[in-house]
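# A structural walkthrough
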Amino acid sequence: MKINYTNYLRDKPQETDPSKLAAMKAALIRALRKKGLHGHISCVYYIDGHVKVSIDGEYYSVFDSNTGRFFSGYVGDLADK
């Protein structure tokens, strides 16, 4: 079962610090390139370092900018390395 973390993130505060946002975005871009993902990417950045990622208007996953890894998105699966 694929997990959509939208509800989990709904009440979390969003990041507004420009330097933190830049660092989170840079880490996300590296991870997206490594996975070969492209399209219209939209993101919501949270103060705990998580980034909700949508591709072409559809929810994709949550990226943890602290670890440089995406959430697995599935119950019981470990996140990719």
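Please refer to the structure placed before this passage.
Read on for a plain summary of the structure. Within each chain, residue numbers correspond to sequence positions counted from 1 in written order. The predicted nature of this model means local features are confined to residues of pLDDT at least 70 and side-chain atom pairs, given and counted, to a pLDDT of 80 or more, with totals for whole chains, interfaces and linings taken over all residues. Side-chain measures were taken over the full set of non-hydrogen atoms in the model, leaving aside hydrogen atoms and water.

## Focus on the overall build of the chain
Helix numbering and strand numbering both begin at the N terminus, where a helix is a DSSP run of H or I of at least 4 residues and a strand a DSSP run of E of at least 2. Within the chain one finds two helices and four strands. Out of the 81 residues belonging to the chain, those deemed buried represent 31%. Residue contacts are defined here by distance: any two heavy atoms, one from each residue, within 4.5 Å place the two residues in contact. The long-range share in the chain, meaning contacts at least 24 apart out of those at least 6 apart in sequence, stands at 42%. Per-residue and other accessible areas follow the Shrake-Rupley method at a 1.4 Å probe size, with only the shown protein chains counted as cover for residues. With the model as given, the accessible surface of the chain reaches about 5400 Å², and the carbon-plus-sulfur share is 53%. Type-normalised accessible area, obtained with a 1.4 Å probe on protein chains alone, sets the label of each residue: buried when under 20%, exposed when over 50%, and partly exposed for intermediate values.

## Here we look at unusual backbone geometry
Here aspartate 56, not a glycine, exhibits a phi torsion of approximately 50°, which is positive. Inspection of the secondary structure assignment puts aspartate 56 in the loop between strand S2 (50–55) and strand S3 (58–64). Using a relative accessible area of 52% as the deciding quantity, one classes aspartate 56 as exposed.

## Section: the nonpolar core
Residues grouped as a nonpolar core are buried Ala, Val, Leu, Ile, Met, Phe, Trp, Tyr and Cys residues, joined through side-chain atoms within 4.5 Å. With 11 residues, the main nonpolar core is built from Met24, Ala27, Leu28, Ala31, Leu32, Tyr45, Val51, Val53, Ile55, Phe63 and Phe70. By residue number, the principal contributor to this core is helix H2 (residues 18–35), which donates five residues. The contacts of isoleucine 55, once residues within four sequence positions are left out, are Leu37, His38, Gly39, His40, Ile41 and Tyr60.

## Considerations on the sheet that holds strand S4 (residues 69–70)
By the convention used here, strands pair only if DSSP detects at least 2 bridges between them. The strand order across the open sheet built from four strands is S1-S2-S3-S4, with neighbouring strands paired in antiparallel fashion. In this open sheet, the two edge strands, each paired with only one partner strand, are strand S1 (41–45) and S4. Here S3 pairs with S4 via two bridges, running antiparallel. Bridged to phenylalanine 63 within S4 is phenylalanine 70.

## Description of the pairing of S1
Here S1 pairs with S2 via five bridges, running antiparallel. Paired with serine 42 across the bridge in S2 is serine 54. Linking S1 to S2, which pair antiparallel, is a turn of four residues; within it glycine 49 sits at a positive phi near 95°.

Scope: geometric values only; no functional claims are made or implied.
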